[in-house]
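Listed below, chain by chain, are the residues.
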Amino acid sequence: MQKETPDHHDADIVLRLYELRREPVMRDSRSRINADLWPATATELMAVTQRGHPLNAAFRQTSGYWEMAYGMARHGIVHGEYLMENNGEGIFLFARVEPYLTELRAAVAPPSQFRNAEWVTQHTARGRELLEFFRNRVRQRLGARAGA
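Residues numbered from 1 in each chain as written. Predicted model: local features only at pLDDT ≥ 70, side-chain atom pairs only at ≥ 80, totals over all residues. Heavy atoms only, no water.

**Describing the packing of aromatic side chains**
Within a pair of aromatic rings, the relevant descriptors are the distance that separates the centres and the angle that separates the planes. Put simply, the rule is: Any Phe, Tyr or Trp ring, taking Trp's six-membered ring, that has another such ring centre within 6.5 Å forms a pair; planes under 30 degrees apart are called stacked, those over 60 apart edge-to-face, and the others tilted. Runs of H or I in DSSP of at least four residues are treated as helices and runs of E of at least two as strands, each being numbered from the N terminus. Between buried and exposed lies partly exposed: a residue is buried under 20% and exposed over 50% of the maximum accessible area for its type, with that area taken using a 1.4 Å probe on protein chains only.
This model, assessed by the stated rule, comprises seven aromatic pairs. Their ring planes at 45° and their centres at 6.2 Å tell us that F59 and F114 sit as a pair that is tilted. One end of the pair, F59, is in helix α4 (residues 56-74); the other, F114, is in the loop between α7 (101-107) and α8 (115-123), with 55 residues separating them in the sequence. F114 gets classed as buried once you look at its relative accessible area, which sits at 4%.

**Focus: the packing of α4 against helix α6 (residues 89-97)**
Note the cut-off: Only the stretch in contact is used when a helix axis is fitted, and all axes are lines through C-alpha atoms; the angle between N-to-C directions ranges over 0 to 180 degrees. Helix crossings fall into two classes, left-handed where the near helix is turned counterclockwise from the far one by less than a right angle and right-handed where it is turned clockwise. Any pair of residues with heavy atoms lying within 4.5 Å of one another is described as a contacting pair. Just so you know the grouping, Ala, Val, Leu, Ile, Met, Phe, Trp, Tyr, Cys and Pro go in nonpolar, Asp, Glu, Lys and Arg go in charged, and all remaining residues, Gly too, go in polar.
Contact geometry of α4 with α6 gives a least axis separation of 10 Å together with a crossing angle of 120°. By crossing handedness, the relation of α4 to α6 is classed as left-handed. Only E89, G90, I91, L93 and V97 of α6 make contact with α4, whose side of the interface consists of F59, T62, S63, W66 and Y70. Of the residues assigned to the contact of α4 with α6, the class counts are six nonpolar, three polar and one charged.

**Overview of the pattern of salt bridges**
The condition is simple: The term salt bridge refers to a side-chain nitrogen of Lys or Arg lying within 4 Å of a carboxyl oxygen of Asp or Glu.
Summed over the entire model, instances satisfying the criterion amount to eight salt bridges. Between E19 and R16 there is a salt bridge whose closest N-O contact spans 3.3 Å. Taken together, the residues E19 and R16, both in helix α1 (residues 8-21) and three residues apart, mark about one turn of the helix. Its salt-bridge partner being E118, residue R105 comes within 3.0 Å of it at the nearest N-O pair.

Dropping the structure here:
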């Protein structure tokens, strides 16, 4: 059951998620993914899932973190809209992965990867807004890369 309004428990969770984002290894992983993960094809994304890839550990840590956070909304632990007001960065990652989600889920275990990010983009107004915003940003970035 989804919460109708946020309360102090939601604030505690959101603040804790913020604290976890500041942890040095997590901060480095997020920084690397946000700067360097720009797959233009499913093949490029699949390469990152290989253990030897330089972004593999950062990808696993960052995607796992956001899936954990968004899973709290999907399961009604934290108010979804409130969470998304304060934690949209994971949707930026999802927007870069989304075009290749079918291939990713078919090739990599577990096949439910990004299920929670997908859920918040479908079931919260803020998640939908953020996904559209980040889709445009990804298109612009990849378009600029193709023109270079």
